[in-house]
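# Per-entry structural report
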Amino acid sequence: MTDPDNPYFAKSMVNRLWGYLLGKGLIEPIDDIRAGNPPTNPELLNYLTDQFVASGFDINNTLREICNSRAYQLSVETNPLNEDDTLNYAHAMPRRLPAEVIYDAVHSLTGSTSEIPGMPKGTRAAALTDAGVKLNDGFLQNLGRPVRESACECERSSDLQLGPIMALIGGPTVASAIADPQNELERIVSENTDDHDLATEIFLRSIGREPTELEFAAFDQMKQQIHADHQALLAQLEREEAAWSERRAQLESDRMAKLADTEAKLAARIEAAKPEQDRLAMEREQRIAAAQANLDQANAKLETKAEEFAKAHRDGVEWHPLLATKATSTNKAKLVVGPDRVITASGDAEKATYTLEFRTSLKQITGLRLEAISDPSLPANGPGLPANGNFVVTEIEVGVAASDTPKERKPVEFASGHASFLQGGFSIEAALDGNKRDQGGWAIAGATGTDQWATLKFKQPIANEGEVVLQVKLHQYHNAGDHRLGKFRLSATCDTGDIPLDLSERLQAIVLTPKESRSEADGKTLVDYIGRTDTERNDANAALAEARKPVPRDAETVRLETQRDRLTVATADDPNLLRLREDATFSQTQIEHVRLTAAEDLTWALINSPAFLFNH
């Protein structure tokens, strides 16, 4: 690129440097170097190019050459002979400082520490390398900082339209830098006790020259104006306070009169509505009594129904709880196998796959049962790990291999499945469809805190001529937080024919125990299960909940109470008066530090002056 014979690089670079310093390139636009767009001064361009190459592509040398030229040092002032010149550099062209330079200059002048989002305090805007870094008020963007979507110089704007003007005059960036209590203006005021010295220091810091006598007189007038504005504000506040005092007294009188009238109407309405409200309350009590009687009758039948249920399920499917020889989780949760062959998960509850292996000699295995087991140690009694006790098994995957060739595992396909409870929008079939990481599957919201189970039938039995290793993977990838199994157990069956839902291991043990031999706790467990699944009892419960709904309040009474509550609130002070009080308090602070206030006003005026914003 920097080969002396390269006809493009050196010419492009010196044209760009000339354009930066004088506001207009020898070839314009400065990016558009081609035969059809010749330079305005080809001899000058060739000279600068040769000098640049001869210096070993020394940019500082070229900048020095340009800055020492007569063309660069001309004034922006024009005369009748050159006022319309835009090509020959007969006068300097005023150019607004770039957005980053203005931002850095404002903070350098005031001594305020810049705070650019995402960057260390004190970072200069000119040092930003990421176009995505922006100020909250859009200061840099409003003043034309390019978004850098292309390499074209045309992305940068130096116009002074409404947006840039408002960013300077009323924007928070300039105001915050001037009002920053940690900036240097207060130090400058304290070190320059003479007003003339103070104005001189600010002028030198701002635009590099001392103030004229006329400008100093204007600074002195600023202080006088601050005092005059403060007195005018106090006078306005006094007038507004007196007017508001009279107006508020009238508003309070009107409010109290309306409040008394509303309270009288409310008392009358409560009395008028009482017979109807009493009638509705009596009817509600009657409905509650009738619904409670129906629920009591349904509850009285539960023991009988429980015994009938036990007799009907004594000849159910024969299940063999499996003992896991290996239990791991992809989310680093700890899986512990208990003496009852129940597996307990603890620790990490992020999305995961539980992988379980079982060695078994059972012949002709036809299906599996997955029990989700409740326990007081789990949130909301489980059986899941989240606060609500739910879980979502997104996919159940089974593989089988001979124990002597465990790596030759073959998948086992399912024919059907049943679940003791299904959350709305979920299905057991969705846990058997091969989609391991979708948002469907088996979930039990609405029936947590108790055992739930699912039974699964294989398409083909596992023959198992010797010993096999069953591998079961429980994929749990629902987006709901912590929705993983907390306690569970897997069992196998060799029964032929259809595999119904059947019972959990706990319920199966209870129904196989004669009634007279069951413990009180087992009897209650069975009755509670029947109660949760009994349609008659559930309907009675729903009817009781409906009957207990409160009697609707009289609409007119509610309206009058709302109106009364609103009228009990005293009349608030006028927002305009509150703002005026705040302004007076702030103005008093300015009067107590009048020289600092005048210095801030002068700084603001100079920042918004052409001498500060433009080159030359």
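One structure accompanies this document, and this report is about it. (Residues numbered from 1 in each chain as written. Predicted model: local features only at pLDDT ≥ 70, side-chain atom pairs only at ≥ 80, totals over all residues. Heavy atoms only, no water.)

Scanning the protein chain from terminus to terminus reveals 19 helices and 14 strands. For 616 residues, the compact-globule estimate of 2.2 N^0.38 gives 25 Å, and the C-alpha radius of gyration of the protein chain, at 43 Å, exceeds that figure by more than 25%. Split into buried and exposed, the 616 residues of the protein chain put 39% on the buried side. Taking all contacts inside the protein chain whose residues are at least 6 apart in sequence as the whole, residues at least 24 apart take part in 71%. Working note: accessible area of the protein chain is about 33600 Å², and carbon and sulfur atoms make up 52% of it. Distance between charge centroids for the protein chain: 8 Å, based on 67 positive and 95 negative side chains. (Helix = DSSP H or I, 4+ residues; strand = E, 2+ residues; numbered from the N terminus. Rg over C-alpha atoms; globule rule 2.2 N^0.38 Å. Buried < 20%, exposed > 50% of the residue type's maximum accessible area, 1.4 Å probe, protein only. Contact = heavy atoms within 4.5 Å. Areas by Shrake-Rupley, 256 points an atom, 1.4 Å probe, with all protein chains shown as cover. Lys, Arg positive; Asp, Glu negative; His and termini not counted. Charge placed at Lys NZ, Arg CZ, Asp CG, Glu CD.)

A regular strand places its side chains so that they alternate between the two faces of the sheet. Along strand S14 (residues 487–493), 7 of the 7 residues are buried, which leaves the element largely enclosed by surrounding structure. Neither face of S14 is left uncovered, since the one carrying Lys487, Arg489, Ser491 and Thr493 and the one carrying Phe488, Leu490 and Ala492 both have all their residues buried. Pairing between strand S1 (residues 320–321) and S14: 2 bridges, direction antiparallel. Following the sheet pairing, histidine 320 is matched in S14 by alanine 492. Sheet topology note: the strand S4 (residues 343–346)/S14 ladder contains 2 bridges and is antiparallel. Among the inter-strand pairings, isoleucine 343 is bridged to a residue of S14, identified as phenylalanine 488. Across 6 bridges, the pairing between strand S6 (residues 365–372) and S14 is antiparallel. Bridge pairing in S14 places alanine 372 opposite phenylalanine 488. (Pairing = 2+ DSSP bridges.)

Here the focus is the environment of valine 511. Examined against the element boundaries, valine 511 turns out to sit in helix H13 (residues 505–511). Take valine 511: its relative accessible area is 0%, and that puts it in the buried class. C-alpha of valine 511 to C-alpha of alanine 310: the two residues are 201 residues apart in sequence and 4.6 Å apart in space. Aside from chain neighbours lying at most four places away, what touches valine 511 is Phe309, Ala310, His313, Arg314, Leu503, Arg518 and Leu526.

A cis amide bond links glutamate 28 with the next residue in sequence, proline 29, at an omega value of 0°. Between glycine 382 and the following residue, proline 383, the backbone shows a cis peptide bond with an omega angle of 10°. Although it is not a glycine, arginine 341 sits at a positive phi angle of roughly 70°. Relative to the helices and strands, arginine 341 is located in the loop between strand S3 (334–337) and S4.

Looking now at the side chain of lysine 223. Relative to the assigned elements, lysine 223 resides in helix H11 (residues 213–300). The class for lysine 223 is buried, based on a relative accessible area of 16%. What lysine 223 contacts, discounting residues up to four positions off in sequence, is Asp195, Val594, Arg595 and Ala598.

Contact geometry of H11 with helix H15 (residues 535–547) gives a least axis separation of 8 Å together with a crossing angle of 165°. Comparing their axes, H15 and H11 come out roughly antiparallel. Judged by the twist between their axes, the crossing of H11 over H15 is left-handed. Between H11, through Arg284, Arg287, Ile288, Ala291, Gln292, Asn294, Leu295, Ala298 and Asn299, and H15, the contact on the second element is made entirely by Glu536, Arg537, Ala540, Asn541, Ala543, Leu544 and Ala547. Its residues assigned to classes, the contact of H11 with H15 comprises 8 nonpolar, 4 polar and 4 charged. (Axes fitted to C-alpha atoms, helices over the stretch in contact; angles between N-to-C directions. Parallel < 35°, antiparallel > 145°, perpendicular 65-115°, else oblique. Left-handed = near helix turned anticlockwise from the far one by under 90°. Nonpolar A, V, L, I, M, F, W, Y, C, P; charged D, E, K, R; others polar.)

Further remarks concern the sheet that holds strand S2 (residues 324–329). In spatial order, the strands read S2-S5-S13-S8-S9; together these 5 strands make up an open sheet with antiparallel pairing. Of all strands in the sheet, those bounded by a partner on one side alone are S2 and strand S9 (410–412). Mean inter-strand twist for the sheet, computed between neighbouring axes without regard to direction, equals 20°. Pairing between strand S5 (residues 352–360) and strand S13 (residues 468–476): 9 bridges, direction antiparallel. Its bridge partner lying in S13, threonine 353 is registered against histidine 475.

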